[in-house]
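# Structure at a glance
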Amino acid sequence: MTQKNLPEGLHLDTLAVRTAVDKTQYGENSEALFLTSSFTQPDCATAARRFAGEEDGYIYSRFTNPTVASMEQRLAALEGTEACIATASGMGAILLLCMGLLKAGDHVVCSRSVFGSTIKLIASEFGKFGVESTFVSQTDLGEWKSAIRPSTKLLFAETPTNPLTEVCDIRALADIAHAAGAVLAVDNCFCTPALQKPAALGADVIVHSGTKYLDGQGRVIAGALCAPQAMVKDKFIPVMRSAGITLSPFNAWVVLKGLETLGIRMEAQSARALALAQWLEAHPKVARVYYPGLASHPQHALAMQQQRGLGGAVVSFDVKGANPDQLRANAWRVIDATQLMSVTANLGDVKTIITHPASTSHGRLTEDQRQAAGITQGLIRVAVGLEHLGDLQADLIRGLELI
Ligand SMILES: *Cc1c(COP(=O)(O)O)cnc(C)c1O
């Protein structure tokens, strides 16, 4: 197995194309897919050393696989962390994070605006095992500080959030976590390392759903944690070996190839999203637009500083309407009138996706809970892909004209 040693100081776009484990003896230019569940051992003595962890070597794909290792190395290089451990899904990564770092009696402080399944996993599932949690405002640092207890082990944030694109200050949260002797984990799903590198801002663990922009074409479910080598080795690998939330080599290979175009996709999709957000903000049928790249966004300055001056590719907006019934009817009219956009629950695809959060992702909340979360019946979320901007505008005009 051979690979040219990569020079120091390479940029993200280069690392995304070039970082991977060594090539095989065939010198394949595109990374090989090792679709094998186990690896033969040359002899018993070598097998014994590998099983004991005294020698590197592949054993069984629940623990390690060269294709999965390539994806992990590439993502760690992009995030600027020492190591990465891939998981079967984004939620699998958060499960691994909590299983690796928490025990009964420990306490978690988490933003109230994070992905719904994350709240459910931490509050309900880990709550069953005696882990305590407090949910706080995404943007009010005072709430984070006053939620800290002696038993606080983990702070969990996601920025920007879904669907209202609220931004939190990663560096400030890292300082709060470290002063308390706790770990800060940041879900970097919306920005990806192409826009935002939480580790450089002090975060200890970066959480990914590879299902979104890392794959980028809506093909697989995947996840990962990026973290220091010692944490991966001591806290996460032991859980992974026993728990089996392993990423399949095939899905790892899809994400590995997806990462090659991450930088240009994120830039192109962010540019389209900004143009669409500006256009929506000026539209007479639109009441409000939520997009970190707009000067009207409450955390615009922080977002621009934290996200390399780019707003990401998710734009949400409220259509106009006199009451909740009319708002819902108007939002549904806009969504149902589209002829290009996909009406589906994903995001991070090159195909633009349009959703009505109040009746889908946030459909199980009561109307009061939804209003507290700022999700109105008139809210529409657009996860902007790579179609031509004019075609996307025309697709929204079809319905906006009917309001
Ligand atoms: C989708 C998503 C997840 C969960 O990822 P899966 O791959 O669907 O398990 C976690 N966090 C955020 C922000 C997401 O958008």
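Residues numbered from 1 in each chain as written. Predicted model: local features only at pLDDT ≥ 70, side-chain atom pairs only at ≥ 80, totals over all residues. Heavy atoms only, no water.

### Observations regarding the side chain of Asn346
Its location among the elements puts Asn346 in the loop between α13 (324-337) and β10 (353-355). We classify Asn346 as buried; its relative accessible area is 19%. With residues near it in sequence (within four places) discarded, Asn346 still touches Thr211, Lys212, Gly218, Ile353 and Arg381. (Helix = DSSP H or I, 4+ residues; strand = E, 2+ residues; numbered from the N terminus. Buried < 20%, exposed > 50% of the residue type's maximum accessible area, 1.4 Å probe, protein only. Contact = heavy atoms within 4.5 Å.)

### A short note on the site of the ligand
Neighbouring the ligand are the residues Ser89, Gly90, Met91, Phe115, Glu158, Asp187, Cys189, Ser209, Thr211, Lys212 and Ala222. The contact in question runs from an oxygen atom of the ligand to an N or O atom on the backbone of Gly90, over 2.9 Å. Take Ser209: an N or O atom from its side chain is 2.8 Å from an oxygen atom of the ligand. Protein contact buries 91% of the 380 Å² of open area that the ligand shows by itself. Per-class residue counts for the shell around the ligand are four nonpolar, four polar and three charged. (Near = heavy atom within 4 Å. Polar contact = N/O pair within 3.5 Å; in protein donor to acceptor, adjacent residues only side chain to side chain. Areas by Shrake-Rupley, 256 points an atom, 1.4 Å probe, with all protein chains shown as cover. Nonpolar A, V, L, I, M, F, W, Y, C, P; charged D, E, K, R; others polar.)

### A word on the domain arrangement of the chain
Entries for the chain in the domain assignment read domain 1 (12-259) and domain 2 (262-400). Taken together, the contact pairs 34 residues of domain 1 with 34 residues of domain 2. Where domain 1 abuts domain 2, roughly 2,700 Å² becomes buried across the two surfaces, and 61% of that area is made up of carbon and sulfur atoms. Interface area lost by domain 1 to domain 2 is led by Leu164, Leu195 and Tyr213, which between them contribute 28%. (Domains from an automatic or database assignment. Buried area = accessible area lost by both parts, 1.4 Å probe.)

### Notes on the sheet that holds β10
Read across the open sheet, the four strands follow the order β8-β9-β11-β10; overall the sheet is antiparallel. Two strands bound the open sheet, and with one partner strand each, they are β8 (286-290) and β10. Direction aside, neighbouring strands of the sheet carry axes that sit 20 degrees apart on average. Strand direction decides the pairing type here: β10 and strand β11 (residues 379-383), joined by three bridges, are antiparallel. Bridge assignment links Ile353 to a residue of β11, and that residue is Ala383. (Pairing = 2+ DSSP bridges. Axes fitted to C-alpha atoms, helices over the stretch in contact; angles between N-to-C directions.)

### Observations regarding the side chain of Asp318
With respect to the secondary-structure elements, Asp318 resides in strand β9 (residues 314-319). No salt bridge is formed by the buried Asp318; its nearest oppositely charged neighbour, Arg288, is found at 5.6 Å. Side chain to side chain, Asp318 and Thr376 meet in a polar contact 2.7 Å long. Look past the residues within four positions of Asp318 in its chain and what remains in contact with it is Val286, Ala287, Arg288, Tyr290, Thr376, Gly378 and Leu379. (Lys, Arg positive; Asp, Glu negative; His and termini not counted. Salt bridge = Lys/Arg side-chain N within 4 Å of Asp/Glu carboxyl O.)

### Examining the pattern of salt bridges
A full pass over the atoms with the stated rule returns 16 salt bridges. Residue Glu31 pairs with Lys257 through a salt bridge whose shortest N-O separation is 2.7 Å. You can see Glu31 sitting in the loop between α1 (12-18) and α2 (44-51) and its partner Lys257 sitting in helix α10 (residues 249-259), a full 226 residues away along the chain. Residue Glu260 is joined to Lys257 by a salt bridge in which the shortest nitrogen-to-oxygen separation is 3.1 Å. One connected set of salt bridges, linked through shared partners, spans Glu31, Arg74, Lys257 and Glu260.

### Let's talk about the sheet that holds strand β4 (residues 152-158)
Whenever strands of a sheet pair, they do so through backbone hydrogen bonds, lying parallel or antiparallel. Spatial ordering of the open sheet is given by β1-β7-β6-β5-β4-β2-β3, a layout of seven strands whose pairing is mixed. Sheet topology places β1 (83-87) and β3 (132-136) at the edges, where each strand pairs with a single neighbour. The mean angle between the axes of side-by-side strands here comes to 20 degrees, regardless of whether they run parallel or antiparallel. In terms of strand pairing, strand β2 (residues 107-111) meets β4 through four bridges, oriented parallel. Following the sheet pairing, His107 is matched in β4 by Thr152. Here helix α4 (residues 90-101) sits on the sheet and contacts β1, β4, β5 (183-187), β6 (205-209) and β7 (223-227); the angle it forms with β6, its principal contact strand, is near 150 degrees.

### Quick notes on empty space enclosed by the protein
Across all of its chains, the model carries one cavity of 30 Å³ or more by this definition. The volume enclosed by the largest cavity comes to roughly 40 Å³. In terms of lining, the largest cavity is formed by Pro160, Thr165, Phe190, Cys191, Gly311, Gly312, Ala313 and Val314. A class-by-class count of the residues in the lining of the largest cavity yields five nonpolar, three polar and no charged. A domain-level breakdown of the lining of the largest cavity finds at least three residues from each of domain 1 (12-259) and domain 2 (262-400). (1 Å grid on protein atoms, 1.4 Å probe; cavity = no way out; pocket = protein on both sides within 12 Å on 5 of 7 lines; lining within 4 Å. Points joined across faces, edges and corners; volume = space filled by probe spheres on them.)

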